[in-house]
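Coordinate inspection notes
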Amino acid sequence: MEVTAIMQNIRFLTAGDSSLLIEFGKEISPAVNRKIAATVQLMKDQNIEGVVDVIPAFCSLLVNYDPRVIRYEEIRERMQALVKVEAKAGQQRRKVFEIPVCYGGEYGPDIENIAEHAGLSVEEVIELHSSRDYLIYMLGFLPGFTYLGGLDERLHTPRLANPRIRIPAGSVGIGGSQTGIYPLDSPGGWQLMGMTPVRTYDPSREVPILVEAGDYIRFVPVDEEEYNRIREAVARGEYQCAVHEGEV
């Protein structure tokens, strides 16, 4: 979607007595996501007094503010001006996190289901799943749960008919047209294909959530031995994901 088309579709709506909802149209696309991410960055740069939190989603941005500090009319006016600002070359950065994954076996009990549904071998499923960078459209459901875009259509797989009561933290799965990582033990219905030893959410860290909306994830296959080595390093606080940066 072109920037001009995005601008034409932007709407500003009230969301309760202390929130402003900015809708960037109805289309889920990388272009819309980049516009939302750029707006969030501009807000961080300007540090608008009275803004409590900003929550990006697929096609919208929720701005929570303190009405005792800034009035609705003021925050709306500020945001109307911000969304008109075009990010200059170099301001929009592509940050890619490499996430190691041990696929199949006890780590990914549903990978055979995914392969059968796709008409592929397990090896082909792993190769396809780990062959691209996935855009993080939004975080939600659980702290740090990543909703990723860009899954190969051949890997689109229906959710389980009977969801599991407990899915272990670090599980990597597919639910319909999306793939993602479970950051905490939780119920869930996605088809599990692997597991990462990386903690995408850790409340003991200064920044608990590893990634942000607008970042990218690249899954890197590892064997069980490497998985255990990384898990031990994570437990000691000695592991850091490889991160690649460049212009969008």
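Presented here is a report on the structure given in the accompanying data block. (Residues numbered from 1 in each chain as written. Predicted model: local features only at pLDDT ≥ 70, side-chain atom pairs only at ≥ 80, totals over all residues. Heavy atoms only, no water.)

**Digging into a negative patch on the surface**
- Taken together, Glu106, Asp223, Glu224 and Glu225 make up a surface patch of like negative charges.
- Mapped onto the fold, glutamate 106 is located in the loop between strand S5 (93–103) and helix H4 (111–118).
- Taking relative accessible area as the criterion, glutamate 106 reaches 66% and is therefore assigned exposed. (Patch = residues over 30% accessible without salt bridge, like charges linked within 9 Å, V, L, I, M, F, W, Y side chains within 5 Å. Areas by Shrake-Rupley, 256 points an atom, 1.4 Å probe, with all protein chains shown as cover. Salt bridge = Lys/Arg side-chain N within 4 Å of Asp/Glu carboxyl O. Lys, Arg positive; Asp, Glu negative; His and termini not counted. Charge placed at Lys NZ, Arg CZ, Asp CG, Glu CD. Helix = DSSP H or I, 4+ residues; strand = E, 2+ residues; numbered from the N terminus. Buried < 20%, exposed > 50% of the residue type's maximum accessible area, 1.4 Å probe, protein only.)

**Description of the packing of aromatic side chains**
- A full pass over the atoms with the stated rule returns 8 aromatic pairs.
- Taking the centre distance of 5.3 Å and the plane angle of 80° together, the rings of phenylalanine 145 and tyrosine 182 count as edge-to-face. Here phenylalanine 145 is found in the loop between strand S6 (133–139) and strand S7 (146–149), whereas its partner tyrosine 182 is found in the loop between strand S10 (178–181) and strand S11 (186–188), with 37 residues between them in sequence. Pair check on accessibility: phenylalanine 145 and tyrosine 182 agree, each one buried.
- Here the aromatic residues Phe58, Tyr137, Phe145, Tyr147, Tyr182 and Trp190 are joined through ring pairs into a cluster of three or more. (Phe/Tyr/Trp six-rings, centres within 6.5 Å; stacked < 30°, edge-to-face > 60°.)

**Points about the nonpolar core**
- Ranked by size, the top nonpolar core spans 23 residues in total, and within it Ile99, Val125, Leu155, Met193, Ile217 and Phe219 carry the most contacts.
- Counting residues per element, the ones that place at least two in this core are S5, H4, helix H5 (122–129), S6, strand S9 (171–175) and strand S13 (216–221).
- Of the residues forming this core, the biggest block, 4 residues, is contributed by S5.
- If we skip the residues at most four places from it in the chain, isoleucine 99 touches Ile181, Thr196, Val198, Leu210, Ile217, Arg218, Phe219, Val220 and Cys241. (Core = buried A, V, L, I, M, F, W, Y, C linked by side-chain atoms within 4.5 Å. Contact = heavy atoms within 4.5 Å.)

**Structural notes on the pattern of salt bridges**
- Under the criterion given, the structure shown has 15 salt bridges.
- A salt bridge links arginine 71 to glutamate 74; its shortest N-O distance comes to 4.0 Å.
- Overall, the relative accessible area of 33% leaves glutamate 74 in the partly exposed class.
- The salt bridge involving aspartate 110 is made with arginine 164; its shortest N-O contact spans 2.8 Å. Residue aspartate 110 is found in the loop between S5 and H4, and its partner arginine 164 is found in strand S8 (residues 164–167); the two are separated by 54 residues along the sequence.
- You can call aspartate 110 buried: its relative accessible area is 5%.
- Several salt bridges converge on common partners, so that one network encompasses Arg11, Glu23 and Lys26.

**Side note on the packing of H4 against H5**
- The N-to-C vectors of H4 and H5 enclose an angle of 90°; their axes lie 9 Å apart at closest approach. With respect to H5, the axis of H4 lies roughly perpendicular. Facing H4, whose interface residues are Ile111, Glu112, Ile114 and Ala115, H5 presents Val122, Val125 and Ile126.
- For the contact of H4 with H5, the per-class residue count stands at 6 nonpolar, no polar and 1 charged. (Axes fitted to C-alpha atoms, helices over the stretch in contact; angles between N-to-C directions. Parallel < 35°, antiparallel > 145°, perpendicular 65-115°, else oblique. Nonpolar A, V, L, I, M, F, W, Y, C, P; charged D, E, K, R; others polar.)

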